[in-house]
Amino acid sequence: MERIRDELISSQDIIAEDEASVKLLYRANKVAKVDSSVLIVGETGTGKEEYAKYIHRSSPRREQPFIRINCGAISQTIIESELFGYEKGAFTGANASGKMGLFEAANHGTIFLDEIGELPYIMQVKLLRVLQEQEIVRVGGTHPIQIDVRVISATNRDIKQMIQENLFREDLYYRLSVVTLEVPPLRERRNDILALVRCFVEELNKKYGMDKTLTKNAFQLLKNYSWPGNVRELKNCLEEALVMCEGDRIDQSDFLFLQQGNILNPPKGDWTLGQVMEQIEYQYLKNALQEHGSIRKAAASLGLPPSTYARRLKSLEKKEMSHL
């Protein structure tokens, strides 16, 4: 494992100390050598984009563009023109000379479709055609434009469940998921935590011109925490602690967020693990809303589309009321 890890990691772009991470990195490195479509799945904040970048950097297309598209962040009214471009005069307010789309911009390189589960159903049909034909037609245009792109997509949603609910096309799923990589949540690869902590602390010290370190107790607190927000939550907690800590040594008392509410103290009694995790997630979503004041800002802070955040919060609120 150590030999494989050293061979695969040439820089600090990915932390892989845990056996689960090394195995995933091995699969990512193997698929990088070919042009197969890759679907990366995993919870929010696990680092799916970093694996997409790693695949691109390890591929023959490494010198070509890497274009990231967040499918949940583009308005449905303009998503087609953003992806495929448009001709002059295609619609009111269009650029007089037309505009190249993101697929054209990624030509000969890699396009990363993040939050692919949020792509509108009508656009799924058009995306499927692009992937099958390797050509796009600009909005308002009639002539197909040949493209050569490698497609990597990612989602934190259960696509197979969405297929059953007629929310996602099965044929598109199979086109996108020639190879599937599942990024484990941070709680399932605890040997990565301390390495990530050291990496982030070094990065944050450089960013803020500081020279702070963590105590042994602080390290232990971070290693034992369940991290429902995964790597993104870990980095945010470290940044807050480093910035707010008075001295040069960050102790467990500096991680106030980890010691608030029920996050570290899940309910006692006859609760299943699934119920406990939902309770933790509910507290986490509520805290984000209280901190940021709006669903849109709270969702952005957690890396979620607003619709996904609102739907999940509403669902968990109903379950919470049923326990009262």
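You'll find the structure just up there.
Only a predicted model underlies this, so the values are computations on that prediction, with no experimental measurement involved.

Cut-off values and rules
- Residues numbered from 1 in each chain as written.
- Predicted model: local features only at pLDDT ≥ 70, side-chain atom pairs only at ≥ 80, totals over all residues.
- Heavy atoms only, no water.
- Phe/Tyr/Trp six-rings, centres within 6.5 Å; stacked < 30°, edge-to-face > 60°.
- Helix = DSSP H or I, 4+ residues; strand = E, 2+ residues; numbered from the N terminus.
- Buried < 20%, exposed > 50% of the residue type's maximum accessible area, 1.4 Å probe, protein only.
- Lys NZ or Arg CZ within 6 Å of the ring centre and 35° of its normal.
- Patch = residues over 30% accessible without salt bridge, like charges linked within 9 Å, V, L, I, M, F, W, Y side chains within 5 Å.
- Areas by Shrake-Rupley, 256 points an atom, 1.4 Å probe, with all protein chains shown as cover.
- Salt bridge = Lys/Arg side-chain N within 4 Å of Asp/Glu carboxyl O.
- Contact = heavy atoms within 4.5 Å.
- Axes fitted to C-alpha atoms, helices over the stretch in contact; angles between N-to-C directions.
- Parallel < 35°, antiparallel > 145°, perpendicular 65-115°, else oblique.
- Left-handed = near helix turned anticlockwise from the far one by under 90°.
- Nonpolar A, V, L, I, M, F, W, Y, C, P; charged D, E, K, R; others polar.
- 1 Å grid on protein atoms, 1.4 Å probe; cavity = no way out; pocket = protein on both sides within 12 Å on 5 of 7 lines; lining within 4 Å.
- Points joined across faces, edges and corners; volume = space filled by probe spheres on them.
- Pairing = 2+ DSSP bridges.

Asks: Describe the packing of aromatic side chains, and please don't skip the residues or the numbers.
Replies: Each pair of aromatic rings is reported with the distance of its centres and the angle of its planes. Enumeration according to the criterion identifies 4 aromatic pairs in this entry. Seen from their ring centres, Phe84 and Phe103 are 5.6 Å apart, and the 50 degrees between their planes marks the pair as tilted. Here Phe84 is found in helix α4 (residues 79-84), whereas its partner Phe103 is found in helix α5 (residues 102-105), with 19 residues between them in sequence. We classify Phe84 as buried; its relative accessible area is 3%. Given the relative accessible area of 0%, Phe103 is considered buried. Taken together, a centroid distance of 4.5 Å and an interplanar angle of 85 degrees make the contact between Tyr225 and Trp227 edge-to-face. Grouping residues by exposure puts Tyr225 and Trp227 together as buried. A cation sits over an aromatic face here: Arg198 above Phe219, 5.5 Å from the ring centre.

Asks: Please provide a residue-by-residue account of a nonpolar patch on the surface, values included.
Replies: Together, Tyr208, Val243 and Met244 make up an exposed nonpolar region whose accessible area comes to about 290 Å². Topologically, Met244 is positioned in helix α11 (residues 230-244). Overall, the relative accessible area of 60% leaves Met244 in the exposed class.

Asks: Describe the environment of Lys223, and please don't skip the residues or the numbers.
Replies: Looking at the element boundaries, Lys223 is found in helix α10 (residues 216-224). For Lys223, a relative accessible area of 28% corresponds to the partly exposed category. Between the C-alpha atoms of Lys223 and Arg187, which are 36 residues apart in sequence, the distance is 8.8 Å. Beyond its immediate chain neighbours, meaning those up to four positions away, Lys223 contacts Arg190, Asn191, Ile193 and Leu194.

Asks: Describe the packing of helix α9 (residues 193-208) against α11, naming the residues involved and giving the relevant values.
Replies: In the contact formed by α9 and α11, the axes pass within 10 Å of each other and the chain directions differ by 45 degrees. In terms of orientation, α9 and α11 fall into the oblique class. In this structure, α9 crosses over α11, and the sense of that crossing is right-handed. Mapping the contact onto sequence places Ile193, Leu196, Val197, Phe200, Val201, Glu203, Leu204, Asn205, Lys207 and Tyr208 in α9 and Val231, Leu234, Lys235, Leu238, Glu239, Leu242 and Val243 in α11. Of the residues belonging to the contact of α9 with α11, the class tally is 12 nonpolar, 1 polar and 4 charged.

Asks: Help me get a handle on the layout of surface pockets, residues and values and all.
Replies: Space inside the largest pocket adds up to approximately 940 Å³. Lining the largest pocket are 39 residues; nearest its centre among them are Gly45, Gly47, Glu49, Glu50 and Arg232. When residues of the lining of the largest pocket are assigned to their parent elements, the largest contribution, 5 residues, is made by helix α3 (residues 48-57). Residues of the lining of the largest pocket, tallied by class, amount to 14 nonpolar, 11 polar and 14 charged. Taken as a whole, the second largest pocket encloses approximately 700 Å³ of empty space. Across the lining of the second largest pocket, the residue classes break down as 6 nonpolar, 8 polar and 7 charged.

Asks: Let's hear about the pairing of strand β7 (residues 179-182): which residues, and what values?
Replies: Side chains of β7 alternate between two faces, with Val179 and Leu181 buried and Thr180 and Glu182 left unburied. Note: strand β1 (residues 38-41) against β7, 4 bridges, orientation parallel. Residue pairing for β7: Val41 is matched across the bridge by Glu182.

Asks: Tell me about the packing of α9 against α10, residues and numbers included.
Replies: Two elements in contact, α9 and α10, have axes whose closest approach is 9 Å; the angle formed by their N-to-C orientations is 125 degrees. By the angle between their directions, the pair α9 and α10 is classed as oblique. At the point where α9 passes α10, the crossing takes the right-handed sense. Of the residues in α10, those touching α9 at Ile193, Leu194, Val197 and Arg198 are Phe219, Leu222 and Lys223. Here the contact of α9 with α10 is composed, by residue class, of 5 nonpolar, no polar and 2 charged.

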